[in-house]
Amino acid sequence: MHALTGFSLVSLLSFGYLSWDWTKPSLVSDEPGEAGSEQPSTASPQPPHIIFILTDDQGFHDVGYHGSEIETPTLDRLAAEGVKLENYYIQPICTPSRSQLLTGRYQIHTGLQHSIIRPRQPNCLPLGLVTLPQKLQEAGYSTHMVGKWHLGFYRKECLPTRRGFDTFLGSLTGNVDYYSYDNCDGPGVCGFDLHEGESVAWELSGQYSTLLYAQRVSHILASHDPRRPLFLYVAFQAVHTPLQSPREYLYRYRAMGNVARRKYAAMVTCMDEAVRNITGALKRYGFYNNSRYGFYNNSVIIFSSDNGGQTFSGGSNWPLRGRKGTYWEGGVRGLGFVHSPLLKRKRRTSRALVHITDWYPTLVGLAGGTTSAADGLDGYDVWPAISEGRASPRTEILHNIDPLYNHAPRGSLEGGFGIWNTAVQAAIRVGEWKLLTGDPGYGDWIPPQTLATFPGSWWNLERMASARQAVWLFNISADPYERDDLAERRPDVVRALLARLADYNRTAVPVRYPAANPRAHPDFNGGAWGPWASEEEEEEEDPEEQEEDGRARGFSWGRRKKKCKICKLRSFFRKLNTRLMSHRI
């Protein structure tokens, strides 16, 4: 056990607290029909309109109803009137969360269990998988995506409009400037990344992405026939770095001493007002033939973060342990709520266990579609648990198994009772128990950094020494902050959870993490990021192995072409560089 010194939560949360500055104008105006509008509670005869809002790098602490000093009145109101998900899990970084949302599968079942998809990698969401929007299209839905994709684009077949979305406006990579939409994947490897459908949207440069995306959602709602069910996937770039915000929002937090936290807070509040703009449009549009069923009254709004907050860039996951990129609760416990007039039990907090893979079968079920065991899903339909307060069908979560991540020097097969090599990075939750092996990532408890010069002595009191172990066990129900490691006291539980990891690992597909391809450079694509590979080029690193595994799991990995000498050479260098790239990431 590490010696830890606690301090007052109340005093920490009071640092830098700032109220609204009501004298400054809002960049997003109030929408007509928000207040006092009639909201029939009668069930609608048609499938609901589904609006899924995903934020980027928003910390667990960074919402008003979790006690944050950051103002989020819209999110607070929507959550208070709906169902707050306080036992909700996501993945620790961008690509894994997005892939699991759109496929309903764990990373080990898509080959994306290591890191993210980099802009120059010939990799994307496996083409043989049926995505959530494709499934909803089969159910008669009109599907639209606005925002950040980050699921690969090296071939046109990987683009959002080829993966189930009727329209798309947003970025393909994971990190762009909020105004210029430039993104660099290394020194001198920079390009423009804002796309309308499959074309580069040069003309939209200069508009702040959060406001641009909210405006596009309003336009979609204004022109959509409400008699056809709608799926809107709004993946805000906010509040990922770079820390950029319109001046009006920064002014509200001018008294906050820490510059990074100030910019971050401004970005969160701007995003909150963008959500208000979207909900206002839902209430303003969608009425037909004197019907009282507008978009809002037959809608399900889901709000989710994609991973934990980045504490060195203004985010906060306090009082949880860890940050973005780690398998501590601060990296995988998500912000989430459901707001809908169709909920049977509203205005409550749900402790039902929910994972981001669950949205696939849940939303397909709401749409009137069906899923089966043959679909190979890892998610569950959790709508009865959310809407009616029933028990969750989910009892465990595989957070991940990453065989390429740096192996823990103190881990071994012997340390895992001969069941599991504890040097491998992995994390699993079964019931109230959570097990971590290998190197889970940065494991400090980091309070909100609101002061310009945070006391270094306080920081050090909550810092962990270098890890001298490779196995951790926590009772998450009793110890959500992961302060009491029970691994040595409960070897029986450790052994049982290691066996579950081994069971999951037997179903894993090979990792897909190819080396960067120089042909992806934006200079070869007119200065913009975009597809560069043709259909004739080899898609996988090891076609025979991938094809065999694909048959075992019941899906195709795409078209196969006859291998050529240059393909074999390229495959050799990909394999050679995979681990080197892994360490660099």
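Our structure is the block above this text.
Because the structure is predicted, anything quoted here is derived from the model rather than measured.

K.L.:
Sorry if this is basic, but what is going on with the overall build of the protein chain here?
P.N.:
Assigned secondary structure in the protein chain consists of 14 helices and 18 strands. When each of the 585 residues of the protein chain is scored for burial, the buried share is 60%. Intrachain contacts of the protein chain at a sequence separation of at least 6 include 75% that bridge at least 24 residues. Summed over all atoms, the accessible surface of the protein chain reaches about 22200 Å², with 52% contributed by carbon and sulfur.

K.L.:
It is not clear to me how the sheet that holds strand 16 (residues 425–430) should be interpreted in this structure. Could you clarify?
P.N.:
Strand pairing within a sheet occurs via backbone hydrogen bonds; the two strands may be parallel or antiparallel. Spatially, the four strands line up as an open sheet ordered 15-16-17-18, and their pairing is antiparallel. The open sheet has two free edges, formed respectively by strand 15 (396–402) and strand 18 (471–475), since each of these has just one partner strand. For this sheet, the mean inter-axis angle between neighbouring strands, taken without regard to orientation, is 10 degrees. Judged from the five bridges that link them, strand 17 (residues 433–437) and strand 18 form a sheet pairing that is antiparallel. In the strand pairing of strand 18, Thr 437 is matched with Val 471. Helix-sheet contacts for helix 12 (residues 491–505) involve strand 15, strand 16, strand 17 and strand 18, and the interaxial angle to strand 17 is about 70 degrees.

K.L.:
Please clarify how the pairing of strand 4 (residues 142–148) should be interpreted in this entry.
P.N.:
Within a regular beta strand, the side chains point alternately toward one face of the sheet and then the other, so they alternate between its two faces. The buried count for strand 4 comes to seven of seven residues, which makes it a mostly enclosed element. Here six bridges tie strand 4 to strand 10 (residues 230–235), and the two strands are oriented parallel to one another. Opposite His 144, over in strand 10, you have Leu 232 as the bridge partner. In the sheet, strand 4 pairs with strand 5 (residues 167–171) via five bridges, with the strands oriented parallel. Within strand 5, the position partnered with Lys 148 by the bridge is Ser 171.

K.L.:
Help me out: how do you make sense of the sheet that holds strand 9 (residues 199–200) in this one?
P.N.:
Strand order in the open sheet made by the ten strands is 9-8-5-4-10-1-11-12-2-13, with mixed pairing throughout. At either margin of the open sheet sits one strand with a lone partner, and together these are strand 9 and strand 13 (348–350). Contacting strand 1 (49–55), strand 4 and strand 10, helix 3 (residues 94–103) runs over the sheet at an angle of about 175 degrees to strand 10.

K.L.:
I would appreciate a short explanation of the pattern of salt bridges in the present structure.
P.N.:
Side-chain pairing between opposite charges can occur once the charged atoms of the two side chains come close. The tally for this structure, following the rule as stated, stands at 26 salt bridges. Put simply, Lys 434 and Glu 329 hold a salt bridge, and the shortest N to O gap is 2.9 Å. Remark: Glu 329 occurs in helix 8 (residues 329–332) and Lys 434 occurs in strand 17; sequence separation between them is 105 residues. With relative accessibility at 0%, the residue Lys 434 sits in the buried group. Among the charged side chains, a network of salt bridges with common partners joins Asp 56, Arg 98, Lys 148 and Asp 306.

K.L.:
Even after reading the chapter, I still don't get helix 3, so can you show me in this structure?
P.N.:
For an α-helix the count is 3.6 residues per turn, leaving residues at separations of three or four pointing the same way. Among the ten residues of helix 3, ten are classified as buried, and the element is accordingly described as predominantly covered. Of all the positions in helix 3, only Cys 94, Thr 95, Pro 96, Ser 97, Arg 98, Ser 99, Gln 100, Leu 101, Leu 102 and Thr 103 are classed as buried. In the stretch just after helix 3, Gly 104 is the one whose phi turns positive, near 70 degrees.

Analysis parameters
Here the residue numbering is sequential within each chain, running from 1 through the sequence in written order. In keeping with the predicted nature of the model, local features appear solely for residues at pLDDT of at least 70, side-chain atom pairs appear and are counted solely at 80 or more, and the whole-chain, interface and lining totals rest on all residues. The basis for the side-chain values is all heavy atoms of the structure; hydrogens and waters are excluded. Numbering goes from the N terminus for both helices and strands, where a helix is a DSSP run of H or I of at least four residues and a strand is a run of E of at least two. Each residue gets one of three labels from its accessible area relative to the maximum for its type: buried under 20%, exposed over 50%, partly exposed in between, using a 1.4 Å probe on protein chains only. By definition, residues are in contact when any of their heavy atoms lie within 4.5 Å. For accessible areas, the Shrake-Rupley method is used with a probe of radius 1.4 Å. Any residue's cover is judged against the shown protein chains and nothing else. What makes two strands pair is DSSP finding at least two bridges between them. Between the N-to-C directions of two axes lies an angle of 0 to 180 degrees, each axis being a line fitted to C-alpha atoms and, for a helix, fitted only over the stretch in contact. By salt bridge we mean one thing: a side-chain nitrogen of Lys or Arg within 4 Å of a carboxyl oxygen of Asp or Glu.

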